[in-house]
Amino acid sequence: MNCCDEKPIISLYSGEKLCKQHFNDYFENKVFKTIRQFELLDKEENLGVALSGGKDSLTILHILNKLSKQNPKINIKAIAIDEGIEGYRDKTLEKAKGFCNENNIKLHIFSYKEEFGLTLDEMLKILDVKPCSICGVFRRYLLNKKSKELGLTKLATGHNLDDECQSILMNQLKNNIEASARLGPKVGLVHDEKFVQRIKPLYLCTEKEVTTYAFINNLLDEFNECPNVPQSFRAQVRDMLNDMENKFPGTKYSIVNSFLQILPLLKQKFKSEAIKACAKCNEPSANDTCNACVYLEKLKKSIEVN
Ligand code: SF4
Ligand code: ZN
């Protein structure tokens, strides 16, 4: 079923085919509805947007920037993390800088090299670890720490429905259901000063929808993928889910929708009384020492030995 006489540019899983203008309206309305449904924003926010320069983060920054123009009490800043991945992050950061310049958005960039002394590429030459494990730990660490330093009330990320679906399944496959209690459209504790709450306004938008929105709004002219992606467990789960979605359209929605129904129970079951602070850096941690400090110690030891 077509939306109107204009040429359709996308077919939704419901079978509906939308033209450029109708898809644009559909997508933006879906994001605004998600924000209302999950109460992602308060009336006044000093909102950070985690910007990688890829399609998801440019899309969410583009939409939240529109929202902040209609609502001057929502103040927007972008934060980018430069992990130091040659041939990839340098390109996406250029895109991020260009977008923020054109749209007059303040961009703060923090790098692993400056904060930890080594780029991710250098770390991976020293430690035999999965790239995304170490990279993810340091990124979450820096985003939380810098968000606090910048006085942000919340941090919006570009996670979409496909990302969430992959995380749910990865946690199941690794028998790590406790990690799923930390998923959902709103992550982190509101009432703990060690955390800056993270929100995911693209939570109900599929990867296909985000990519389409990014292209028709000229947010992205080329597709860049981190060279470490193919090695990741996530990439294998992604391919499996895409295969299922092709065979059984709506699979991803079903997984996320059913997850949302059990999420309150998971949060209740794994509710921690108090969040510990890392003994070394004072950042939030499940153990006495946080994962970032554990990796930093391992790096230091390996450098000393060699
Ligand atoms: Fe880091 Fe993995 Fe993402 Fe690359 S794909 S930026 S290594 S988390
Ligand atoms: Zn620490």
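Scroll up to find the structure.
Residues numbered from 1 in each chain as written. Chains lettered and ligands numbered in written order. Predicted model: local features only at pLDDT ≥ 70, side-chain atom pairs only at ≥ 80, totals over all residues. Heavy atoms only, no water.

1. Side note on the site of ligand 1
Close to ligand 1 lie Glu 83, Ile 85, Arg 89, Leu 120, Cys 132, Cys 135, Arg 139, Cys 226, Asn 228 and Val 229. Take the shell around ligand 1: its biggest share by element is three residues, from helix α6 (residues 131-149). When its residues are assigned to classes, the shell around ligand 1 shows six nonpolar, one polar and three charged. (Near = heavy atom within 4 Å. Helix = DSSP H or I, 4+ residues; strand = E, 2+ residues; numbered from the N terminus. Nonpolar A, V, L, I, M, F, W, Y, C, P; charged D, E, K, R; others polar.)

2. Focus: the coordination of the zinc ion (ligand 2)
When four donors bind a metal tetrahedrally, each ideal donor-metal-donor angle is 109.5 degrees, and when six bind octahedrally, the ideal angles are 90 or 180 degrees. Coordination of the zinc ion (ligand 2) by the protein is provided by Cys 278 (SG), Cys 281 (SG), Cys 290 (SG) and Cys 293 (SG), with metal-donor distances spanning 2.2 to 2.3 Å. The site at the zinc ion (ligand 2) holds four donor atoms, and with the angles between them running 106 to 113°, its shape is tetrahedral. Exposure remark for Cys 290: the relative accessible area of 5% places this residue in the buried category. (Donors = N, O, S within 2.8 Å, 3.2 Å for Na, K, Ca; no water. Tetrahedral: all angles 85-135°; square planar, octahedral: opposite > 155°, others 65-115°. Buried < 20%, exposed > 50% of the residue type's maximum accessible area, 1.4 Å probe, protein only.)

3. Quick word on the environment of Pro 72
Among the structural elements, Pro 72 can be located in the loop between α2 (55-70) and β4 (74-82). In sequence terms Pro 72 and Glu 297 are 225 residues apart; their C-alpha atoms lie 44 Å from each other.

4. What to know about the sheet that holds strand β7 (residues 186-187)
A sheet is described by the order of its strands in space; here six strands give the open sequence β5-β4-β3-β6-β8-β7, paired in mixed fashion. Each edge of the open sheet is held by one strand with a lone partner, namely β5 (107-111) and β7. Two elements, strand β3 (residues 45-50) and strand β6 (residues 154-156), share three bridges in a ladder whose sense is parallel. From the neighbouring strand, Gly 48 faces β6, where its bridge partner is Leu 155. Contacts from helix α3 (residues 89-103) reach β4 and β5 within the one sheet, and its direction differs from that of β4 by about 160°. (Pairing = 2+ DSSP bridges. Contact = heavy atoms within 4.5 Å. Axes fitted to C-alpha atoms, helices over the stretch in contact; angles between N-to-C directions.)

5. Concerning the packing of aromatic side chains
This structure, assessed with the given rule, holds 10 aromatic pairs. Ring geometry for Phe 23 versus Phe 27: centroids 5.8 Å apart, planes at 45°, classification tilted. In this pair, Phe 23 and Phe 27 both sit in helix α1 (residues 20-37), four residues apart, roughly one turn of the helix. When sorted by exposure, Phe 23 lands in the same class as Phe 27, which is buried. Ring geometry for Tyr 112 against Phe 138: centres 5.8 Å apart, planes inclined by 70°, an arrangement best described as edge-to-face. Of this pair, Tyr 112 sits in helix α4 (residues 112-116) while Phe 138 sits in helix α6, and the two are 26 residues apart along the sequence. In this pair, the class of Tyr 112 matches that of Phe 138, namely buried. Taken together, the ring pairs connect Tyr 112, Phe 116, Phe 138, Tyr 141 and Tyr 295 into an aromatic cluster. The lysine or arginine in question, Lys 269, covers the ring of Phe 270, its NZ or CZ lying 5.3 Å from the ring centre. (Phe/Tyr/Trp six-rings, centres within 6.5 Å; stacked < 30°, edge-to-face > 60°. Lys NZ or Arg CZ within 6 Å of the ring centre and 35° of its normal.)

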